[in-house]
Amino acid sequence: MDSVDKRIKKSYFWKIYLESIDFEKWLLMALNLSSIGCFLKNGKYPTKFICLVIKLHEFKPSFSMIKEFIKNDSNLIIRLLGAFYIRLYYRPLLIYKLLEPLYYDYRRVPVQIDHSKTKMICVDIIIDSLLNKTYVMGIKLNSLVKRNIFEKHKLLSTNYLK
């Protein structure tokens, strides 16, 4: 994540809008986002979404706050800010426990692909990518312990998608 942090903190958006922002202003910006995404132009430009995820980490939010983000049923962007935060900064068992319930959210959210292009993708597909892929929207994620290891030790249920 260090190289991602460095690229984000060198960006124009970070320097102008996020460098010295407080949490209240951060939350207003997050509530006004219209799409998610990580990097544009082959990883050169970070989106506002991923900048806000990284800035959130600087605020050291409580576990209960992040849980409230992902439980937010009325704002998909806030929900996915929480989901990305969890995937980037939490331990594998918690990642599975917190993100798997979002498999049941089939609503579509705009994902920014280019400066002027978005693509509608279902939340469950984004969650599946966060749990099963190495790269998501241009960010290399830390590898997760496979789910079946937790199942074998009875730390996770085997019927999570039923």
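Below is a summary of the structure that appears in this document.

What counts, and at which threshold
Residues numbered from 1 in each chain as written. Predicted model: local features only at pLDDT ≥ 70, side-chain atom pairs only at ≥ 80, totals over all residues. Heavy atoms only, no water. Helix = DSSP H or I, 4+ residues; strand = E, 2+ residues; numbered from the N terminus. Buried < 20%, exposed > 50% of the residue type's maximum accessible area, 1.4 Å probe, protein only. Contact = heavy atoms within 4.5 Å. Pairing = 2+ DSSP bridges. Phe/Tyr/Trp six-rings, centres within 6.5 Å; stacked < 30°, edge-to-face > 60°. Lys NZ or Arg CZ within 6 Å of the ring centre and 35° of its normal. Core = buried A, V, L, I, M, F, W, Y, C linked by side-chain atoms within 4.5 Å. Axes fitted to C-alpha atoms, helices over the stretch in contact; angles between N-to-C directions. Parallel < 35°, antiparallel > 145°, perpendicular 65-115°, else oblique. Left-handed = near helix turned anticlockwise from the far one by under 90°. Nonpolar A, V, L, I, M, F, W, Y, C, P; charged D, E, K, R; others polar. Expected span 1.5 Å × (residues − 1).

We now examine the environment of Phe84. Mapped onto the elements, Phe84 comes out in helix 6 (residues 76-89). Residue classification places Phe84 among the buried positions, given a relative accessible area of 1%. On a C-alpha basis, the gap between Phe84 and Ile95 in space is 9.9 Å, while along the polypeptide they are 11 residues apart. Residues in contact with Phe84, not counting those within four places in the same chain, are Ile36, Cys38, Phe49, Val53, Ile126, Leu130, Val136 and Met137.

Regular strands have side chains that alternate between both faces of the sheet. Here strand 3 (residues 108-112) pairs with strand 4 (residues 118-122) via five bridges, running antiparallel. From the neighbouring strand, Val109 faces strand 4, where its bridge partner is Ile121. Between strand 3 and strand 4, which pair antiparallel one after the other, the connecting turn spans five residues.

Scanning the entire structure with this criterion turns up 10 aromatic pairs. Looking at Arg7, its charged tip hangs above the ring of Phe39, at a distance of 4.2 Å from the centre.

For the rest of this paragraph, the subject is the nonpolar core. In this structure, Ile36, Phe49, Leu80, Phe84, Leu99, Ile127 and Leu130 are the most contacted members of the largest nonpolar core, which totals 52 residues. With 10 residues, the single largest contributor to this core is helix 6.

Here we come to the packing of helix 7 (residues 92-99) against helix 8 (residues 123-132). Contact geometry for helix 7 and helix 8: axes closest at 11 Å, N-to-C directions at 170 degrees. Taken together, the axes of helix 7 and helix 8 are roughly antiparallel relative to one another. When the axes of helix 7 and helix 8 are compared, the crossing they make is left-handed. Together, Ile95, Tyr96 and Leu99 of helix 7 and Ile127, Leu130 and Leu131 of helix 8 make up the contact between the two elements. The residue makeup of the contact of helix 7 with helix 8, split by class, is six nonpolar, no polar and no charged.

So, about helix 4 (residues 48-59). Working note: α-helix, 3.6 residues per turn, so residues spaced by three or four point in the same direction. For helix 4, with 12 residues, the first-to-last C-alpha span of 17 Å sits near the 16 Å given by 1.5 Å per residue. Within helix 4, the full set of buried residues consists of Phe49, Ile50, Cys51, Leu52, Val53, Ile54, Lys55 and Leu56.

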